[in-house]
Amino acid sequence: MSIFSSVEELLSECGKRKAPLWRLVMEYSAHESGIEPQKSWDEMSCRLCAMRDAAASYEPEQRSRSGLSGGDGAKMGRYYRSGRSIGGDFTGEILTAALRMGECNACMHRIVAAPTAGACGVMPAVLLPYAEKFGCPDERLVEALFVAAGFGAVIATRASISGAEAGCQAEIGSAAAMSAAALVYLHGGSPRQMAQAVAIALKNMMGLVCDPVAGLVEVPCVKRNVAGAMNALSAAELALAGIESRIPTDEVIDAMRAVGEALPSALRETGRGGVAASPTAVAFRENFFGKQARHFPKNH
């Protein structure tokens, strides 16, 4: 028994065994790791706790070593709580949570890579506000994390979750897809609807390049976590409404892999293309590494 290599295989097995998708993923994951399912559950529960701890660790006054990140999560929180925001409280909570988690990562806090550190803000930004709004128990959230992990494992197997391999579509895009599936599960959607949400979310970010300024996971990464979180929410809503992707989920994942392979190296986490190549970014890189050469080598 091995982890699933396709979404269709995952859905088919789920139907055959008449088991919840989350349980199937948990059992298969436990078998792969050589541990008991309860141990797998406990480990996922720890990840949920770590997400909450990371969210609570946010410090509004803290700035990253580069000075590029910090404080925006606090600004967003003040804005939406003022009653002037367009999207209201729930959307405001998601935007704020995504910014805060991305800034926590930039400031070297302990975060949960979901699926990567650069995309760490997407999943907690949608799951934690959802739990608060709908009174969702922790057990249900842990189940949702297994749902996300199942689809994430297929993406990692068929394509990639690495910005260095396939651009930011593989990091923020994958995080959005995994989070969308988790949201569909939490809101009572079917496994097939979860798969549709994955396909929609991935298509929305197809071709997204990885272009960190100065090679640091801050600009534009932190704000892309916000886009990923809102993408997850919109994809989940579409799938729950019964809207389907015209392209099957596995084919979308394969397309993402092909696009990632076609991206030039300058657009795959090297910090030498996209916004990282803009005059402002280049000037920052030269100035920052000139001062910090001992700590940040120029080929970072």
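Relevant structure appears above.
Residues numbered from 1 in each chain as written. Predicted model: local features only at pLDDT ≥ 70, side-chain atom pairs only at ≥ 80, totals over all residues. Heavy atoms only, no water.

1. Quick word on the overall build of the protein
Along the backbone of the protein there are 13 helices and 0 strands. When the helices and strands of the protein are read in sequence order from the N terminus, they spell out α-α-α-α-α-α-α-α-α-α-α-α-α. The C-alpha radius of gyration computed for the protein amounts to 19 Å, which stays within 12% of the reference 19 Å derived for 300 residues, consistent with globular compactness. Overall size of the protein, expressed as C-alpha extent along the three principal axes, is 60 × 45 × 40 Å. (Helix = DSSP H or I, 4+ residues; strand = E, 2+ residues; numbered from the N terminus. Rg over C-alpha atoms; globule rule 2.2 N^0.38 Å.)

2. Quick look at the packing of helix α10 (residues 191-204) against helix α11 (residues 221-240)
Running from N to C, α10 and α11 cross one another at 135°; their axes reach a closest spacing of 8 Å. By the angle class used here, α10 and α11 are oblique. Judged by the sense of rotation from one axis to the other, the crossing of α10 with α11 is right-handed. Side by side, α10 and α11 meet where Gln193, Gln196, Ala197, Ile200, Ala201 and Asn204 of the first sit next to Asn231, Ser234, Ala235, Ala236, Leu238, Ala239 and Leu240 of the second. Counted by class, the contact of α10 with α11 contains 8 nonpolar, 5 polar and no charged residues. (Axes fitted to C-alpha atoms, helices over the stretch in contact; angles between N-to-C directions. Parallel < 35°, antiparallel > 145°, perpendicular 65-115°, else oblique. Left-handed = near helix turned anticlockwise from the far one by under 90°. Contact = heavy atoms within 4.5 Å. Nonpolar A, V, L, I, M, F, W, Y, C, P; charged D, E, K, R; others polar.)

3. As for the state of the cysteines
Per the counting criterion, the structure on display carries 0 disulfides. Of the cysteine sulfurs around Cys104, a residue in no disulfide, the closest is that of Cys107, at 7.1 Å. Its relative accessible area of 1% is what places Cys104 among the buried residues. Looking at Cys136, it has no disulfide partner, and the nearest cysteine sulfur is the one in Cys49, 14 Å off. The class of Cys136 is buried, set by a relative accessible area of 13%. (Disulfide = S-S within 2.5 Å. Buried < 20%, exposed > 50% of the residue type's maximum accessible area, 1.4 Å probe, protein only.)

4. A short note on the pattern of salt bridges
The tally for this structure, following the rule as stated, stands at 11 salt bridges. For Glu8, the salt bridge identified is with Arg192, shortest N-O distance 2.7 Å. In this pair, Glu8 is assigned in helix α1 (residues 7-17) and Arg192 in helix α10, connecting sequence segments 184 residues apart. Residue Glu8 is classed as partly exposed on the basis of its relative accessible area of 41%. Here Arg192 falls in the partly exposed class, since its relative accessible area comes to 40%. Among the ionic pairs, Arg158 bridges to Asp254, the shortest N-O distance being 2.7 Å. One end of the pair, Arg158, is in helix α7 (residues 138-158); the other, Asp254, is in helix α12 (residues 249-262), with 96 residues separating them in the sequence. Asp254 sits in the partly exposed class, given a relative accessible area of 21%. Here the residues in one salt-bridge network are Arg158, Asp250, Asp254, Arg257 and Glu261, joined through shared partners. (Salt bridge = Lys/Arg side-chain N within 4 Å of Asp/Glu carboxyl O.)

5. Structural notes on the packing of helix α4 (residues 72-81) against helix α5 (residues 88-106)
Look at α4 against α5: their axes get within 8 Å of each other, and the N-to-C directions meet at 170°. Viewed along their axes, α4 and α5 adopt a mutual orientation that is roughly antiparallel. The residues of α5 that touch α4, namely those facing Asp72, Gly73, Ala74, Met76, Gly77, Tyr80 and Arg81, are Gly88, Asp89, Gly92, Glu93, Leu95, Thr96, Leu99, Arg100 and Glu103. Here the contact of α4 with α5 is composed, by residue class, of 5 nonpolar, 5 polar and 6 charged.

6. Some points on the packing of aromatic side chains
By the definition in use, this model includes 6 aromatic pairs. Ring geometry for Trp41 and Phe146: centres 6.2 Å apart, planes at 25°, overall stacked. Placement of the pair is Trp41 in helix α3 (residues 37-56) and Phe146 in helix α7, with a sequence separation of 105 residues. The class for Trp41 is buried, based on a relative accessible area of 16%. (Phe/Tyr/Trp six-rings, centres within 6.5 Å; stacked < 30°, edge-to-face > 60°.)

7. What to know about the layout of surface pockets
Of the volumes computed, that of the largest pocket is approximately 410 Å³. Among the elements of the structure, α2 (21-33), α3 and α7 are those that each provide at least two residues to the lining of the largest pocket. The dominant element in the lining of the largest pocket, judged by the number of residues it contributes, is α7, at 6 residues. (1 Å grid on protein atoms, 1.4 Å probe; cavity = no way out; pocket = protein on both sides within 12 Å on 5 of 7 lines; lining within 4 Å. Points joined across faces, edges and corners; volume = space filled by probe spheres on them.)

8. Quick notes on the nonpolar core
By size, the foremost hydrophobic cluster in this structure holds 81 residues, and its most contacted members are Leu21, Leu127 and Phe151. The element that contributes the greatest number of residues to this core is helix α9 (residues 172-186), accounting for 12 residues. Beyond its immediate sequence surroundings of up to four residues, Phe151 is in contact with Val7, Leu10, Leu21, Ala181, Pro191, Met194, Ala195 and Val198. (Core = buried A, V, L, I, M, F, W, Y, C linked by side-chain atoms within 4.5 Å.)

9. A look at the environment of Gly71
Relative to the elements of secondary structure, Gly71 occurs in the loop between α3 and α4. Residue classification places Gly71 among the buried positions, given a relative accessible area of 6%. If we skip the residues at most four places from it in the chain, Gly71 touches Tyr58, Pro60, Gln62, Arg63 and Glu103.

What is shown is where atoms sit, not what they do.
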